[in-house]
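# Results of the structural survey
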Amino acid sequence: RGVRSVQCVVHRPAGGMTAQSVVEQTENVQAEVGAAALQQAEVLAPDTRTSRFLASDLTLVHSFEVPHGGADFYRTFLADDAHFLLQWHRANGGTIAGSLSVTPWRRPSVCRDSGGEALQREQAFTVHIGRFFANRSRAVEKQQWRPGQHPTDAHHWEARNQLLDIPFADTFIVEFRVDVHSLDATSWRIECWAGLHFVKENLFARQIQRGTIDQYVGSFRNMENLVRRALAARASLSSPMRVCKMSVLHSICSRGSKDDGQKLCIALRDTSTGGFLSLPSASSNQLAVLPEPEDMELCKWELWSVDAERFALRSIVSGRWIGHNLVGQIHTAARKCGAWEHVVLEESSNYGAVHLIDADWHFKRGAYFVYRSRGSSYLACSSKGREAEARARSPSFQIYVMEPGKDVRRATATKQRRRRRFRSKREFLRIMASSLFFYVMFCAIFSFCVALGAQWYVSRYATRG
């Protein structure tokens, strides 16, 4: 792509050609093609003339202040094991699911503008455009992280990307920069910049630049929401609980009835995606692994010990238990804890994490919790039961000990359920009364029509007889 076609016309002299001349012309053609391909590959390379990673004059698009509580921006959002980049792509809504691929951070061989402290990585993804000329397009992006030399200096996250399958794609490069300023020991000021670098002349440069800046306004607002939610979730989480022996976990969990024993409030976080096992909303019975829940209260579960092997999980918001339905889908609909709601916690190969197993599924032999489909956030019982293949597909969760919070939420939810129940009874009586009324009216009208028909029949045929 982007390589100009090279036409090779070989004129054979009258005396013929030698093999050496053919080889020389072939090498010349290959050199020209290689130079064109190298020119296209270095489009996203830093500008060596100005020693700058970004070549355009950027415009301040969005800025905000946020308390961080001692968090490190790089380790929290940009490290190789962080999930912020994937969550940002999902929040923007344009990236095709499963198309994002990111390389690990590496230190470039030449880095003039940061004293050798910069890190670089590349990412490739497919974005949905929704235009008549291209429904989707491939995109490549090169990122750079430049930490400040002193604690008071700003940190810079820079990137330059290019779409490959749209018109005029080889004429401009989109660039952005995120500056992280430390206001004090507990808060940041984050400034988001964006701009375009035009490699070639373009008649629609002004329209492209205006549309790109407007698109980045919404994208950086999504970034602000994700940053605030992630820092709020981090502040409410304790250190992950290291599960060494299930007997120790059984000893600190509640036993017996719901009013006996000690309630252990936990949160479960997927180690691969960073999402929390949560309810989508307070009124929902579904169960999903969400990267950024609406409320951290939806991620809190009470862990109960059933016997020496099995546990049970109940939501502190809805008061319902995690279990499976008739088709093996995992939800939170049971008001009482039965055999369908028994769960086994199995230690994972990742130290401190556990796999969730439905103890009743697969003829009471158990089945691992797996995602229903690729890219789905909802869980189901594996059709492979407790085999090694099912274990490889099963997500592993880290256990976080949480504050149980107030019981006002559960009391409020109970009152709302009662109100809905009473409201449904009143609606049922109203519907029955209206149905009875219409039934009586229908019978009366039908009887009247039958009487009129009989009278007409008698008056017509009785006189003839």
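Above this text is the structure in question.
Attention here is on the structure that accompanies the text.

Rules and cut-offs
- Residues numbered from 1 in each chain as written.
- Predicted model: local features only at pLDDT ≥ 70, side-chain atom pairs only at ≥ 80, totals over all residues.
- Heavy atoms only, no water.
- Helix = DSSP H or I, 4+ residues; strand = E, 2+ residues; numbered from the N terminus.
- Buried < 20%, exposed > 50% of the residue type's maximum accessible area, 1.4 Å probe, protein only.
- Lys, Arg positive; Asp, Glu negative; His and termini not counted.
- Salt bridge = Lys/Arg side-chain N within 4 Å of Asp/Glu carboxyl O.
- Polar contact = N/O pair within 3.5 Å; in protein donor to acceptor, adjacent residues only side chain to side chain.
- Contact = heavy atoms within 4.5 Å.
- Pairing = 2+ DSSP bridges.
- Axes fitted to C-alpha atoms, helices over the stretch in contact; angles between N-to-C directions.

Turning next to the side chain of Glu341. Examined against the element boundaries, Glu341 turns out to sit in the loop between β15 (330–334) and β16 (343–347). Buried charge Glu341 goes without a salt bridge, the closest partner of opposite sign being Arg310 at 10 Å. Reaching out from Glu341, the side chain makes a polar contact with the backbone nitrogen of Gly338 at a distance of 2.8 Å. When near neighbours in sequence (up to four residues on either side) are disregarded, Glu341 contacts Phe311, Ala312, Trp321, Ile322, Gly323, Ala334 and Lys336.

Moving on to the pairing of β15. Both strand β14 (residues 321–324) and β15 contribute to a ladder of three bridges, which runs antiparallel. Within the sheet, the bridge partner assigned to His324 lies in β15 and is Ile330. Once β14 ends, the chain turns through five residues before running back antiparallel as β15, passing Gly328 with a positive phi of about 90°.

With that out of the way, let us pick up the environment of Ala367. Tracing the backbone through its elements, the reader meets Ala367 in strand β18 (residues 367–371). Sequence separation between Ala367 and Ser382 is 15 residues, and the spatial gap between their C-alpha atoms is 5.5 Å. Leaving out residues up to four positions away in the same chain, Ala367 has contacts with Leu356, Ile357, Asp358, Trp361, Cys381, Ser382, Gly385 and Arg386.

What follows concerns the sheet that holds strand β4 (residues 136–146). On the basis of which strands lie adjacent, the open sheet formed by seven strands has the order β1-β7-β6-β5-β4-β3-β2 and antiparallel pairing. Each edge of the open sheet carries a strand with a single partner, namely β1 (59–67) and β2 (101–102). Sheet strands in contact with helix α3 (residues 84–92) are β2, β3 (119–128), β4, β5 (155–163) and β6 (172–182), and its direction is about 25° off that of β3.

Overall, the coordinates contain 13 salt bridges when judged by the stated rule. A salt bridge links Glu65 to Arg189, with the nearest nitrogen and oxygen atoms 3.7 Å apart. A residue pair is termed long-range when its members are at least 10 positions apart, and Glu65 in strand β1 and Arg189 in strand β7 (residues 187–198) qualify at 124 residues. Classification of Glu65 by relative accessible area gives partly exposed; the value is 43%. On the basis of relative accessible area, Arg189 is assigned to the partly exposed category, the value being 26%. Where Glu297 meets Lys300, a salt bridge forms, and the shortest distance between an N and an O atom there is 3.0 Å. An identical accessibility class is assigned to Glu297 and Lys300; each is buried.

Any link to function would need more than the numbers given here.
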